[in-house]
Amino acid sequence: MINVVYFAWVRERIGVPQEDIETSAETVMELVAELKSREERYDLAFSDLESLRVALDQELSDFDAPLAGVREVAFFPPMTGG
Amino acid sequence: MINVVYFAWVRERIGVPQEDIETSAETVMELVAELKSREERYDLAFSDLESLRVALDQELSDFDAPLAGVREVAFFPPMTGG
Amino acid sequence: MKVSVQSEDFDLASELAGFGQAANTGATVTFTGLVRDDTGQLDYMEIEHYPGMCETAIAKIVDDAATRWALTDFLVIHRYGKLHVGTQIMMVATAARHRAEAFEAAEYLMDYLKSRAPFWKKEVSKDGTKAEWVAAKDTDEDALDRW
Amino acid sequence: MKVSVQSEDFDLASELAGFGQAANTGATVTFTGLVRDDTGQLDYMEIEHYPGMCETAIAKIVDDAATRWALTDFLVIHRYGKLHVGTQIMMVATAARHRAEAFEAAEYLMDYLKSRAPFWKKEVSKDGTKAEWVAAKDTDEDALDRW
């Protein structure tokens, strides 16, 4: 079980700010593929990975990263702070 | 008659903050030469022109500049504001 | 040496009381970011943030800056929530021995907060018809290359 | 849009009240210069200035910056006289649409105030045995080349 959180337009497209996902995905990319196959709203949210960022346990990471031991995965667009 | 003003160590070496000078010097350089020939304290103050700056009527200028029409000449070291 | 992620407004003056008081501080720089409206159409900006990650991301950015420029003091405040035109979004302050250090560290903090701290801005127009997420600029990402 | 050459201290907070309030201001930057003591030997700094020329020189520097970066507001205060360790020497503030403009303009103002505004600093040590004019640095003159 992994906690998946979404921000900004990713959250809006998926429709929830977070959810617990039962998955056997070994990498972020596998998790993304799994979500995309579930429902169209995921497919839409993850259609362009270039415009997405991922954080694992609140630290910036990348789509190739393994999920072993990770409790929280976050997906969001490039940040616009400051 | 021209008003000559001095700042920082130039003022300290010459011993006065300003003085009126009766001169027929046509350029700043001629005025400097005239002052240097007067007394040792001027010779000392003007010994290294590289380390001096000059302003004519409160605007930065250079030693070759003509003095025609100028009312105030200022000599000082490079500025250290800020 | 303060970092704060908050919804409340802040007062520059109170925040700077006691800032950079060490005798070897020769320069302090502050930056304040405000909600700007160029067209007269903007009602407010909604800033979303990632609680928890914001704090750790900013702490890392600040640590890097403090080491790189031997800062004698620093301060980062970033707000989230609904912010109307003209209100303060965030501020940084840096204190160092020389002016170049204080300026560079403040710019470094801003460049990294812009692209590496998990905040997202949405602009909502006055007539309510437009609500758009602000897109990250390539130039903001490029700005990191100079460090 | 204020320029002041004064002996009195200033209060950053009061000076910034109402600063950069235009709706198209997205960024404000302030710089404050303080009397620094690295060795514990400094008693005070005496700042000599050229009355009249200070004001015109600063006005020119400020005009150049305001044109170059389309500033929405600016402020320059420079003190003269006897200033003890830890006291404020001067400040600049800039307001602009974007952060890069506000930062660059503030650095430009500082670089030019340093080498083109007629102020001279003398450092007087605590035991009174040393009173030395601060020498201009080549690096300060070089700093102008980047603009």
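Structural data are supplied above this passage.
Only a predicted model underlies this, so the values are computations on that prediction, with no experimental measurement involved.

Peer 1: Describe the overall build of chain C, with residues and values.
Peer 2: Looking only at helices and strands, chain C features 4 helices and 8 strands. In sequence order, chain C lays out its α and β elements as β-α-β-β-α-β-β-β-α-β-β-α. Its C-alpha atoms give chain C a radius of gyration of 16 Å, within 12% of the compact-globule value 15 Å for 147 residues. If you line up chain C on its principal axes, its C-alpha atoms span 55 × 35 × 30 Å. Taking all 147 residues of chain C together, the buried fraction comes to 56%. Accessible area for chain C stands at about 6200 Å²; split by element, carbon and sulfur atoms hold 48% of it. Computed over 16 positive and 25 negative side-chain charges, the inter-centroid distance for chain C is 2 Å.

Peer 1: For the packing of helix 3 (residues 99–116) of chain C against helix 3 (residues 99–116) of chain D, give the residues involved together with the corresponding values.
Peer 2: Close contact between helix 3 of chain C and helix 3 of chain D brings their axes to 12 Å; oriented N to C, the two are set at 175°. Compared by their axis directions, helix 3 of chain C and helix 3 of chain D come out roughly antiparallel. On helix 3 of chain D, the residues touching Arg99, Phe103, Ala106, Glu107, Met110, Asp111 and Lys114 of chain C of helix 3 of chain C are Arg99, Phe103, Ala106, Glu107, Met110, Asp111 and Lys114 of chain D. Tallied by class, residues from the contact of helix 3 of chain C with helix 3 of chain D come to 6 nonpolar, no polar and 8 charged.

Peer 1: I'd like a description of the arrangement of the chains, backed by residues and values.
Peer 2: When the 3 pairs of chains in contact are ranked by number of contacts, first place goes to chains C and D. You won't find any contact between chain A and chain B; their C-alpha atoms come no closer than 28 Å. Separating chain A from chain D is a minimum C-alpha gap of 9 Å, and the two share no contact.

Peer 1: An account of the interface of chain C and chain A is requested, with residue identities and associated values reported.
Peer 2: How big an interface is tends to be expressed through the accessible area that disappears when the partners come together. Between chain C and chain A, the contact holds 25 residues from the first and 20 residues from the second. The contact between chain C and chain A buries some 1700 Å² in all, and 58% of this surface belongs to carbon and sulfur atoms. The tally of links from chain C across to chain A stands at 2 salt bridges. Residues Glu48 of chain C and Arg11 of chain A are paired through a salt bridge, measuring 2.4 Å at the closest nitrogen-oxygen approach. Our count for the contact surface shared by chain C and chain A stands at 13 residue pairs in polar contact (both at pLDDT 80 or more).

Peer 1: Kindly report on the interface of chain D and chain C, identifying the contributing residues and their values.
Peer 2: In this complex, chain D contributes 32 residues to the contact, which on the side of chain C involves 32 residues. At the boundary of chain D with chain C, total buried surface from both sides reaches about 2600 Å², with 54% on carbon and sulfur atoms. The largest contributions to the chain D side of the interface with chain C come from Arg36, Arg99 and Phe103 of chain D, which together make up 27% of the buried area. Counting across the chain D and chain C interface gives 6 salt bridges.

Peer 1: Which residues make up the relation of the copies chain D and chain C, and what are the values?
Peer 2: These two copies of the chain differ by a rotation about an axis and a displacement along the same axis. Note on the copies: chain D fits chain C at an RMSD of 0.0 Å, the axial shift is 0.0 Å, and the rotation between them is 180°. Considering both components of the superposition, the chain copies are consistent with a two-fold axis. Most of the interface of chain D is mirrored in chain C, where 100% of its interface residues again form contacts.

Peer 1: Give me the environment of Ala8 of chain B: which residues, what numbers.
Peer 2: With respect to the helices and strands, Ala8 of chain B occurs in helix 1 (residues 8–14). Given a relative accessible area of 0%, Ala8 of chain B falls into the buried group. What Ala8 of chain B contacts, discounting residues up to four positions off in sequence, is Pro77 of chain B together with Glu48, Trp120 and Trp133 of chain D.

Peer 1: Now, about helix 2 (residues 28–38) of chain B: what can you tell me, with residues and values included?
Peer 2: All names here are of chain B. Among all positions in helix 2, only Val28, Leu31, Val32 and Leu35 are buried. End-on, the buried residues of helix 2 take up no more than an arc of 100°, which puts them together on one face. Against the buried residues of helix 2 lie strand 1 (2–6), strand 2 (18–21), helix 3 (40–45), strand 3 (53–56) and strand 5 (72–76).

Peer 1: Please provide a residue-by-residue account of the side chain of Glu72 of chain A, values included.
Peer 2: For Glu72 of chain A, the position within the fold is in strand 5 (residues 72–76). Here Glu72 of chain A occupies a buried position and makes no salt bridge, while the nearest side chain of opposite charge, Arg71 of chain A, is found at 7.8 Å. In this structure the side chain of Glu72 of chain A is engaged in a polar contact, spanning 3.2 Å, whose partner is the side chain of Gln58 of chain A. At 2.4 Å, the side chain of Glu72 of chain A forms a polar contact with the side chain of Tyr50 of chain C.

Peer 1: Lay out the side chain of Thr94 of chain D with the relevant residues and their values.
Peer 2: Residue and element names in this part refer to chain D. One can find Thr94 in strand 6 (residues 88–96). Looking at Thr94, its side chain comes within polar contact range of the main-chain oxygen of Ala102, at 2.8 Å. Among all residues touching Thr94, those that are not within four sequence positions of it are Phe19, Ala27, Thr28, Val29, Leu71, Asp73, Phe74, Ala102, Ala105, Ala106 and Leu109.

Peer 1: Give a description of unusual backbone geometry that names residues and reports values.
Peer 2: Look at Gln58 of chain A: it is not a glycine, yet its phi comes out positive at around 70°. Looking at the element boundaries, Gln58 of chain A is found in the loop between strand 3 (53–56) and strand 4 (59–61). For Ala70 of chain D, which is not glycine, the phi dihedral falls at a positive 50°. As for its placement among the helices and strands, Ala70 of chain D is situated in the loop between helix 2 (53–69) and strand 4 (73–79).

Cut-offs applied
Residues numbered from 1 in each chain as written. Chains lettered and ligands numbered in written order. Predicted model: local features only at pLDDT ≥ 70, side-chain atom pairs only at ≥ 80, totals over all residues. Heavy atoms only, no water. Helix = DSSP H or I, 4+ residues; strand = E, 2+ residues; numbered from the N terminus. Rg over C-alpha atoms; globule rule 2.2 N^0.38 Å. Buried < 20%, exposed > 50% of the residue type's maximum accessible area, 1.4 Å probe, protein only. Areas by Shrake-Rupley, 256 points an atom, 1.4 Å probe, with all protein chains shown as cover. Lys, Arg positive; Asp, Glu negative; His and termini not counted. Charge placed at Lys NZ, Arg CZ, Asp CG, Glu CD. Axes fitted to C-alpha atoms, helices over the stretch in contact; angles between N-to-C directions. Parallel < 35°, antiparallel > 145°, perpendicular 65-115°, else oblique. Contact = heavy atoms within 4.5 Å. Nonpolar A, V, L, I, M, F, W, Y, C, P; charged D, E, K, R; others polar. Buried area = accessible area lost by both parts, 1.4 Å probe. Salt bridge = Lys/Arg side-chain N within 4 Å of Asp/Glu carboxyl O. Polar contact = N/O pair within 3.5 Å; in protein donor to acceptor, adjacent residues only side chain to side chain. Least-squares fit on C-alpha atoms with pLDDT ≥ 70 in both. Arc of directions from axis to C-beta.

By themselves, these figures tell us nothing about what the structure is for.
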